[in-house]
Amino acid sequence: MRRSQGAESQLRQRTLDSEGDLSADEVERRTGELRAELELQRRRFREMGHRVRNSLQTLSALSLLKARRTEDESARRALLNMAQRIAALSTAYRMSDPSSDEGLDAGALIAEIATELAAGAEGGQVALALDLSSIAVPLDAAAPLALLVNELIGLALRGGAPEGSPVRLTVSAGRRPEGTCLAIACEGLLASDAELSGDTFGRTLCEMFARQIKAELTFDDAGSGTRAVVLLPSG
């Protein structure tokens, strides 16, 4: 709302600055025309976002459909992982509002992605615990942040849990003096040498997405498993 008011105020001021000798009625008329043009641009942005989301949802659905009909386990897993990444992107686009100057609520975005991945996890029940603050991040960080969270949780869930036990996944995010801290921890997750010490595709993607948002990505011991910690710089 503040961005909307600010944009209209700027448009009015530009009209006044460039046409200082216009009458008040003429200024109002021109301001109205500029306001209408601004609203048209907003509608176009919303329509474009809607089309992007629909396209991403279609791609995700096609990947899932193909995965269900693929017998090769390696190919099936690759298709499922791709579908999850596309779904995370779709969620980021859906929750981003270009007309807002508040940025993206990272806590809400992370909560939705984590909940969807936990609900759709294969091979057992996931006990998900969320401790997320409402944290605003720039809109241009939405896509890489969503992909990073998706990849880290995906690595975690692939770690599995003891037979007959739920996978215990904890996701937290909050402010620190040095920036925003996101932590993803789970019993038995991310702890395998194959996932952490090897140059796996998932690990490489995590590091790439972290660099895109200028975040520091580390892994540390969480007792019964390993915790991934993402520190986003302040501002």
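Bear in mind the structure is a predicted one, so any value in this text is a computation, not a measurement. (Residues numbered from 1 in each chain as written. Predicted model: local features only at pLDDT ≥ 70, side-chain atom pairs only at ≥ 80, totals over all residues. Heavy atoms only, no water.)

Enquirer: What am I meant to see in the overall build of the chain here?
Expert: The number of helices and strands found in the chain is 7 helices and 7 strands. The N-to-C order of helical and strand elements in the chain reads α-α-α-β-α-β-β-α-β-β-α-α-β-β. Looking at the 235 residues of the chain, the share that counts as buried comes to 36%. Relative to all contacts within the chain whose residues are 6 or more apart in sequence, the contacts with residues 24 or more apart total 64%. When the accessible area of the chain is evaluated, it comes to approximately 13,300 Å², of which 51% is carbon and sulfur surface. (Helix = DSSP H or I, 4+ residues; strand = E, 2+ residues; numbered from the N terminus. Buried < 20%, exposed > 50% of the residue type's maximum accessible area, 1.4 Å probe, protein only. Contact = heavy atoms within 4.5 Å. Areas by Shrake-Rupley, 256 points an atom, 1.4 Å probe, with all protein chains shown as cover.)

Enquirer: Help me out: how do you make sense of the environment of proline 138 in this one?
Expert: Following the sequence through the fold, proline 138 ends up in the loop between strand E3 (136–137) and helix H5 (142–157). Its relative accessible area of 44% is what places proline 138 among the partly exposed residues. Along the chain, proline 138 and alanine 106 lie 32 residues apart, while their C-alpha atoms are 9.3 Å from each other.

Enquirer: For this particular structure, what's the right way to read the environment of arginine 227?
Expert: Along the chain, the position of arginine 227 falls in strand E7 (residues 225–233). When its relative accessible area of 33% is taken as the criterion, arginine 227 is described as partly exposed. In this structure, the C-alpha to C-alpha distance between arginine 227 and threonine 170, residues 57 residues apart in sequence, is 9.2 Å.

Enquirer: Is there a simple way to explain the side chain of threonine 91 in this structure?
Expert: In this fold, threonine 91 is placed in helix H3 (residues 73–95). What threonine 91 contacts, discounting residues up to four positions off in sequence, is Leu109, Glu112, Ile113 and Glu116.

Enquirer: Which parts of the structure should I look at to understand the packing of helix H2 (residues 24–68) against H3?
Expert: A packed helix pair is summarised by two numbers, namely the angle formed by the two axes and the spacing between the axes. Interaxial distance between H2 and H3 falls to 8 Å at its minimum, and their mutual angle equals 160°. The orientation of H2 relative to H3 falls into the category roughly antiparallel. Between H2 and H3 lies a crossing whose hand is left-handed. For the pair H2 and H3, contact is made by Val52, Arg53, Leu56, Gln57, Leu59, Ser60, Ser63, Leu64, Lys66 and Ala67 and by Arg76, Leu79, Leu80, Met82, Ala83, Ile86, Ala87, Leu89, Ser90, Tyr93 and Arg94, respectively. The class makeup of the residues in the contact of H2 with H3 is 13 nonpolar, 4 polar and 4 charged. (Axes fitted to C-alpha atoms, helices over the stretch in contact; angles between N-to-C directions. Parallel < 35°, antiparallel > 145°, perpendicular 65-115°, else oblique. Left-handed = near helix turned anticlockwise from the far one by under 90°. Nonpolar A, V, L, I, M, F, W, Y, C, P; charged D, E, K, R; others polar.)

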